[in-house]
Amino acid sequence: MQIDLEQFRKPCTCGKTHEISVKGIWIDEGAVRHLYEMLTEEVELGTFIAPVIVWDENTREAAETAMEDIADICLEDICLESEDLHANNQGVAILDENLPEETDLLIAVGSGTIHDLCRYVAYHRGIPFVSVPTAASVDGFVSTVAAMTWNGMKKTMPAAAPLYVFADTNIFKEAPYRLTASGISDLLGKYIALADWKIAHLVTGEYLCQETCRLEYQALEEVLSCINYLNRGDSEAYEKLMYALLLSGLAMQMIGNSRPASCAEHHMSHLWEMEIINDHIDALHGEKVSVGMIQVRKRYERIVNAIRDGRCKVKEYEGMEEQLLQRTFGAKGLYEQTLEENTPDPMLLVSPFRLEEMLIPIADILDEIPSAKKLEKILKEADCCVSMEQIGLTDALVEDSLNLSPYVRNRLSFNRISKMLEYEV
Ligand SMILES: [Zn+2]
Ligand SMILES: [Zn+2]
């Protein structure tokens, strides 16, 4: 299947004409064959004279046979060590050192980390890259930004989107199931991200694109329709999941940032990755997202109940919790960076009066998210992570995680807005 990208480029109801920089996406058994053909034709990809494959030990093993012909016509291939490979400044340095000066095209063969490293390095060298996902594990393949840990801070950095995506079912279907489950989890997190976006729009007038939301909901429907067939290895189900992940990535491309796909649930994941209140955990991106989502959903449920019972009161904003931030982020040497990230404070856009007025519409938006119980059921059936314990954390960290995570990004979530609400009795 080839995704029709033209449909996303039309002038949109939000008043913008969205840009999609990726030129083509194939999701097929044998999609890499198409990459080979394009590299050997005399136009476009064929005009690059020094393409370089970037993979790691695991992803090379997964794709090596299918990509033998491609490797033969590349300048070289760079195999990064899988252990301790992360999307951070060390990873970038290793790739940069090993990449020949004359490289004019990167072929990223891997999942999230390899893609983030390639898109970052490609952007800084001013060269294009093409994507060969080896697992349906994240929605960031076509993203224009790289999610990096930079000197300990979790950052979204400008980067290049791939020119083309060649998602070969024969390759990504064979990935360890844990990676696939992580992709499902990353997608289900959109329920929270979309509600957060809609609420921020409602309360502060932040820009919102309905078409892009629609696309994300379509991605959610796709994943729900295939979820029960994935752990049986059904090819069509895998293609649907990959399609959904790429749709979500396109939604981010349309907006130019991760607003449609990442909010309070991802903030939880980022906080744990920054190791502010916890030790290092080995969980995958999606695993942290689904566990974060469940906890956020539970808090949102408590607040909806309070709103419906008339127990939820709006209070004046008291500013950033500087003492708390100093004790936590500060203890890791990240106090200044955290303040900087939160300047200007997105909460200054929230008027108590407006918030008060919107409590019922907010509750209505929150009620569109499936309940924590329902989400847990869906996730468990697909062998995804739901509990803190499963990702190496304890329940004792839940409250601190919910309270601190909004500060990892300058992006308004309802979780952050709830700092102006009194709802516990
Ligand atoms: Zn739009
Ligand atoms: Zn994600």
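Every value quoted in this text rests on a predicted model; they were computed, and no experiment measured them.

Asker: I'm lost on the coordination of the zinc ion (ligand 2) in this one. Help?
Answerer: Each donor-metal-donor angle in an ideal tetrahedron of four donors is 109.5 degrees, and each such angle in an ideal octahedron of six donors is either 90 or 180 degrees. Protein coordination of the zinc ion (ligand 2) is provided by Asp186 (OD), His266 (NE2) and His285 (NE2), with donor distances spanning 2.1 to 2.2 Å. Linear spacing of the donor residues for the zinc ion (ligand 2) on their chain is D-x79-H-x18-H. Here the residue Asp186 occupies a position in helix α8 (residues 177–188), and His266 occupies one in helix α12 (residues 264–274), the gap between them amounting to 80 residues.

Asker: Sorry if this is basic, but what is going on with the coordination of the zinc ion (ligand 1) here?
Answerer: Taken together, Cys12 (SG), Cys14 (SG), His18 (NE2) and Cys209 (SG) make up the protein donors of the zinc ion (ligand 1), found 2.0 to 2.3 Å from the metal. Relative to the metal, the four donor atoms surrounding the zinc ion (ligand 1) lie at angles of 105 to 118°, and the coordination shape comes out tetrahedral. Spacing between the donor residues of the zinc ion (ligand 1) along the chain follows C-x1-C-x3-H-x190-C. The exposure class assigned to Cys12 is buried, which follows from its relative accessible area of 14%. Classification of Cys14 as partly exposed rests on a relative accessible area of 24%.

Asker: Sorry, what's going on with the nonpolar core here?
Answerer: Grouped burial of nonpolar side chains is what soluble globular proteins tend to show. Ranked by size, the top nonpolar core spans 110 residues in total, and within it Ile25, Leu188 and Phe329 carry the most contacts. The biggest single contributor to this core is helix α11 (residues 235–255), with 13 residues. When residues of this core are assigned to domains, at least three map to each of domain 1 (6–175) and domain 2 (190–209 + 260–422). Beyond its immediate stretch of four places on either side in the chain, Phe329 contacts Leu271, Met274, Ile276, Leu334, Tyr335, Thr338, Leu404, Tyr407 and Val408.

Asker: Could you clarify how one ought to interpret the pattern of salt bridges in this entry?
Answerer: Inspection of every chain in the model, using the stated rule, returns 25 salt bridges. Put simply, Glu399 and Arg299 hold a salt bridge, and the shortest N to O gap is 3.3 Å. With a gap of 100 residues between them, Glu399 in helix α19 (residues 398–404) and Arg299 in helix α13 (residues 285–308) connect regions that are remote in the sequence. With relative accessibility at 6%, the residue Arg299 sits in the buried group. Notably, a salt bridge pairs Lys419 with Glu321, separated by 2.9 Å at the nearest N-O pair. A residue pair is termed long-range when its members are at least 10 positions apart, and Lys419 in the loop between α20 (414–417) and β10 (421–422) and Glu321 in the loop between β9 (313–314) and α14 (322–328) qualify at 98 residues. Each of Arg299, Arg302, Glu399 and Glu424 takes part in one network of salt bridges that share partners.

Asker: Sorry, what's going on with helix α6 (residues 112–125) here?
Answerer: Given 3.6 residues to a turn, an α-helix orients residues that are three or four positions apart in the same direction. With 14 residues, α6 should cover 20 Å at 1.5 Å per step; its first-to-last C-alpha distance of 20 Å lies within 8% of that length. With ten of 14 residues buried, α6 lies mostly within the body of the structure. Those residues of α6 lying buried are Gly112, Ile114, His115, Asp116, Leu117, Cys118, Arg119, Tyr120, Val121 and Ala122. Following α6 by one or two positions, Gly126 has its phi on the positive side, about 70°.

Asker: Help me out: how do you make sense of helix α5 (residues 89–98) in this one?
Answerer: When we look at burial in α5, the residues that qualify are Gly91, Val92 and Leu95. Buried residues of α5, viewed axially, fall in a sector of 100°; they line one side. Every exposed residue of α5 that faces more than 90 degrees away from the buried side is listed here: Gln90 and Glu97. Where α5 is buried, its residues contact β2 (51–56), β3 (76–80), α6 and β6 (145–150).

Asker: Looking at this model, I keep getting lost on the domain arrangement of the protein chain. Mind explaining?
Answerer: The extent of an interface is frequently quoted as the accessible surface area lost upon association of the parts. Partitioning the protein chain into structural domains gives domain 1 (6–175) and domain 2 (190–209 + 260–422). One C-alpha centre belongs to domain 1, the other to domain 2, and the line joining them spans 31 Å. Counting the surface lost from both domain 1 and domain 2, the interface buries some 1,100 Å², and carbon and sulfur atoms represent 60% of this. The largest per-residue losses of area from domain 1 upon contact with domain 2 belong to Asp139, Met153 and Lys154, which jointly make up 51% of the total buried on that side.

Thresholds applied
Residues numbered from 1 in each chain as written. Chains lettered and ligands numbered in written order. Predicted model: local features only at pLDDT ≥ 70, side-chain atom pairs only at ≥ 80, totals over all residues. Heavy atoms only, no water. Donors = N, O, S within 2.8 Å, 3.2 Å for Na, K, Ca; no water. Helix = DSSP H or I, 4+ residues; strand = E, 2+ residues; numbered from the N terminus. Tetrahedral: all angles 85-135°; square planar, octahedral: opposite > 155°, others 65-115°. Buried < 20%, exposed > 50% of the residue type's maximum accessible area, 1.4 Å probe, protein only. Core = buried A, V, L, I, M, F, W, Y, C linked by side-chain atoms within 4.5 Å. Domains from an automatic or database assignment. Contact = heavy atoms within 4.5 Å. Salt bridge = Lys/Arg side-chain N within 4 Å of Asp/Glu carboxyl O. Expected span 1.5 Å × (residues − 1). Arc of directions from axis to C-beta. Buried area = accessible area lost by both parts, 1.4 Å probe.

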